[in-house]
Amino acid sequence: MHSLPPCPHWICRQNQINLKKASCIVFIDEIDAIGQKRDGRAGGNDEREQTLNQLLTEMDGFEENTGVMILAATNRPESLDPALTRPGRFDRRVPVELPDLQGREAILRVHAKKVNLCDNVDFGSIARMASGASGAELANIVNEAALRAVRDNREYVTQADLEESIEVVIAGYQKKNSILTDQEKKVVAYHEIGHALVAAKQTNSAPVQKITIVPRTSGALGYTMQVDEGNHYLMSQEELENKIATLTGGRAAEELVFHSASTGASNDIEQATKLARAMITCYGMSPDFDMVALETVTNQYLGGDASLACSAQAQAEIDKQVIALVKRQHQKAGKILEENRNKLDELAEYLYQKETITGEEFMKILNQ
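From a predicted model like this one, the values you see are computed outputs, not experimental measurements.

S.K.: Explain the overall build of the protein chain here, please?
M.R.: Scanning the protein chain for helices and strands turns up 13 helices and seven strands. Per-residue burial for the protein chain yields a buried fraction of 40% across its 368 residues. Pairs at least 24 residues apart make up 70% of the contacts formed inside the protein chain by residues separated by at least 6 positions. In the form shown here, the protein chain has an accessible surface area of approximately 21700 Å², with 50% of it arising from carbon and sulfur atoms.

In structure tokens:
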């Protein structure tokens, strides 16, 4: 008979707690480390499985009136053993999604209580700029803003500090010692204005907030920031296609002006391809495949790994449609830029001189 391993310190055994005198909350973080599904193999009597069995046994002893509450957290709920998640052990599952606009603003206000702020800080604007940020990233944004104020020998954090800290979290610090050649600087300027101009000339595109050609530690030589006015939970096929066109706008500008392509569009290519593939395999936006799921997503809370679940012939057809979709939007972006070539040149020259411009400056020149 095998002896059981020592019970972990966070397991509260009924015979070790005087439940009449003590109430408690037991929190188990990363419960998937011991709570993964048992594979049922013969001889699978390892320590992890024994620990899981012991935990299941202990949890069966808790009643509603014992005063003991067990909470657990994991990023991989799909990997947990069914016996662990059945009613009577863990009765309720609470998914913690990324915060929406109102949630981001509230989180920023909580963390901002620790620092001295100027009176004119607009948390709503900062929350819109930080779309998709998690609670930890929002806390980091406030910390980065405070560090920026300290480096400048200021006692208060300003709106500009918070906006710059968002860029630090998204793209990294400015590489002030990185010097681009004049030709590279021109290429990057046209590339970023290409993105912004294609976005501005399409309907249902997020407004341009900022454009910069200052290199960042993430490797980006520049970027165009677009900020939605509010929360958007649904996107139409037209909006997704417009987003792909915007992603291809940088390369389209390079091809139009310099008649060549550079390596600067690598991230744009990756995002456009991923979005086009999702439209066909996940969102049912292809008339040939209709409402058939061709892709499965695993590890939803750890980045969402995707794998195709279809035949080789269907995979080949998916590849063809993805290429055709991206190519159509690339051609559309090129046409938009060709029709607005004068504004493209004017805006690119302005960005080349200033290096960083706001969305207001961009729209002012565009609408002149």
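S.K.: What am I meant to see in unusual backbone geometry here?
M.R.: Note: most peptide bonds trans; most residues except glycine with negative phi. Positive phi, close to 50 degrees, is recorded for E30, a residue that is not glycine. Residues other than glycine seldom take positive phi values, yet E355 does so here, at roughly 75 degrees. Checked against the element boundaries, E355 lands in the loop between helix 12 (341-354) and strand 7 (356-358).

S.K.: Even after reading the chapter, I still don't get the sheet that holds strand 4 (residues 223-226), so can you show me in this structure?
M.R.: The strands making up a sheet associate through hydrogen bonds between their backbones, and the pairing can be parallel or antiparallel. Read across the sheet, three strands follow the order 4-3-7 without closing on themselves; strand pairing throughout is antiparallel. Across the chains shown, the open sheet's two edge strands, defined by having one partner strand only, are strand 4 and strand 7. Across this sheet, the average inter-strand angle for adjacent strands is 10 degrees, counted without regard to direction. Note that strand 3 (residues 208-212) and strand 4 share four bridges and pair antiparallel. Directly across from I211, in strand 4, lies its bridge partner T224. Sitting on the sheet, helix 12 touches strand 3 and strand 7, and the angle it makes with strand 7 is about 120 degrees.

S.K.: I'm lost on the nonpolar core in this one. Help?
M.R.: Inside soluble globular proteins, nonpolar side chains tend to come together where they are buried. Ranked by internal contacts, the top residues of the largest apolar core, which has 27 residues, are I193, I211, L344 and F362. Counting residues per element, the ones that place at least two in this core are helix 8 (182-200), strand 3, helix 9 (237-258), helix 11 (312-339), helix 12 and helix 13 (359-367). Here this core takes seven residues from helix 8, the largest share from any one element.

Rules and cut-offs
- Every residue gets a number counted from 1 within its own chain, in the order that chain's sequence is written.
- Reporting in this predicted model follows two pLDDT cut-offs: at least 70 for local features of residues, and 80 or more for side-chain atom pairs to be given and counted; totals over whole chains, interfaces and linings ignore these cut-offs and use all residues.
- Side-chain descriptors were evaluated using all non-hydrogen atoms of the structure, hydrogens and water having been removed beforehand.
- Numbering of helices and strands runs from the N terminus; a helix is a DSSP stretch of H or I covering at least four residues, while a strand is a stretch of E covering at least two.
- Only protein chains enter the accessibility calculation, which uses a 1.4 Å probe; a residue is then buried when its area is under 20% of its type maximum, exposed when over 50%, and partly exposed in between.
- Working rule for contacts: check all heavy atoms of both residues, and any pair within 4.5 Å makes them a contact.
- Per-residue and other accessible areas follow the Shrake-Rupley method at a 1.4 Å probe size, with only the shown protein chains counted as cover for residues.
- The pairing criterion is simple: DSSP has to find at least two bridges between the two strands.
- Each axis is a line fitted through C-alpha atoms, and for a helix only the stretch in contact is used; angles between axes span 0 to 180 degrees, taken between their N-to-C directions.
- To qualify as a nonpolar core, a set must consist of buried Ala, Val, Leu, Ile, Met, Phe, Trp, Tyr and Cys residues joined through side-chain atoms within 4.5 Å.

Distances and angles like these do not, on their own, reveal function.
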